[in-house]
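Here's the letter readout for the chains.
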Amino acid sequence: EVVVKKEPPKKVEPKVVTTPRPRQVTTQASLETVIDPSTGLMWQKKTDGQKRNWEDAKGFCWKLEYGGYSDWLLPSKDVLKDVFSKKHIFGPLPTKLSDRKGYLLGPHWSSTMLSGSNFIWSFDLKNGKLKDTDKSQNYFVRCYRKNSDKEFKITSETVIDSSTGLMWQYEPDG
């Protein structure tokens, strides 16, 4: 019989460096896009104001050439939910109603299909409500792209940095 003695774990104090996060990161395309500083994802600053069914929404992001890029994606419900908690990165909502076209108004399509059905998750970026929706409905589309070597996988419970393997508990309102 082999007996292996385990050493008790050594207590290592984490080294924490805090720096204030900018509200918006300036890029060459900053008039058209914003970057979420916590995930590195780049977003359309505004939608085109058009509502589309789900199939057209997927095609729109796939074909989109915007801000000097052509690798745009339709976000998952979890990515939309995450950006809702940081919607200030898109800038303030214009006070004049006529200037609000393309801002965070109303439900947006996600790429996430409801298991075993013909329904898709939509997420309202105005009020934070998640809803199962028939594909034929017409909703807004806000595309995003992966902006750097950093890639984060966001689920309803965790955020994982694929470049380091680090995982954090996800608490959007915490």
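Quick note: structure is the one above.
Below is a summary of the structure that appears in this document. Model, not experiment: these values are computed from the prediction.

With respect to the pairing of strand 2 (residues 41-44)
In the sheet, strand 1 (residues 33-35) pairs with strand 2 via three bridges, with the strands oriented antiparallel. Paired with Thr 33 across the bridge in strand 2 is Gln 44. Bridge count for strand 2 against strand 6 (residues 144-146) is three bridges, and the pairing is antiparallel. Bridge assignment links Trp 43 to a residue of strand 6, and that residue is Tyr 144.

Focus: the state of the cysteines
Simply put, the disulfide is a covalent bond whose two ends are the sulfur atoms of two cysteines. Applying the stated criterion across every chain, the model contains one disulfide. Residue Cys 61 pairs covalently with Cys 143 via a disulfide, S to S 2.0 Å. When the S-S torsion is -85 degrees, as for the bridge of Cys 61 with Cys 143, the disulfide is left-handed. Highlighted residues: Cys 61 in helix 1 (residues 54-63) and Cys 143 in the loop between strand 5 (130-134) and strand 6, separated in sequence by 82 residues. Cys 61 gets classed as buried once you look at its relative accessible area, which sits at 1%.

Describing the pairing of strand 4 (residues 119-124)
Judged from the four bridges that link them, strand 3 (residues 107-113) and strand 4 form a sheet pairing that is antiparallel. Its bridge partner lying in strand 4, Pro 107 is registered against Asp 124. In this structure, the hairpin formed by strand 3 and strand 4 is closed by a connection of five residues, where Gly 116 is found at a positive phi of approximately 65 degrees. Of the pairings in the sheet, the one linking strand 4 to strand 5 comprises five bridges and is antiparallel in character.

Cut-offs and rules
Residue numbers restart at each chain and count upward from 1, following the sequence in its written direction. Where local features are concerned, this predicted model is filtered to residues with pLDDT of at least 70; where side-chain atom pairs are given and counted, the filter is 80 or more; whole-chain, interface and lining totals use all residues. Here the side-chain values reflect all heavy atoms present in the structure, with hydrogen atoms and water set aside. Pairing between strands is defined by DSSP: at least two bridges between the two strands are required. Secondary structure elements are taken from DSSP: a helix is a run of H or I of four residues or more, a strand is a run of E of two residues or more, and numbering for both begins at the N terminus. Note on disulfides: each one is a pair of cysteine sulfur atoms within 2.5 Å. When a residue's accessible area, from a 1.4 Å probe over protein chains only, is under 20% of the maximum for its type it is buried; when over 50% it is exposed; and in between it is partly exposed.

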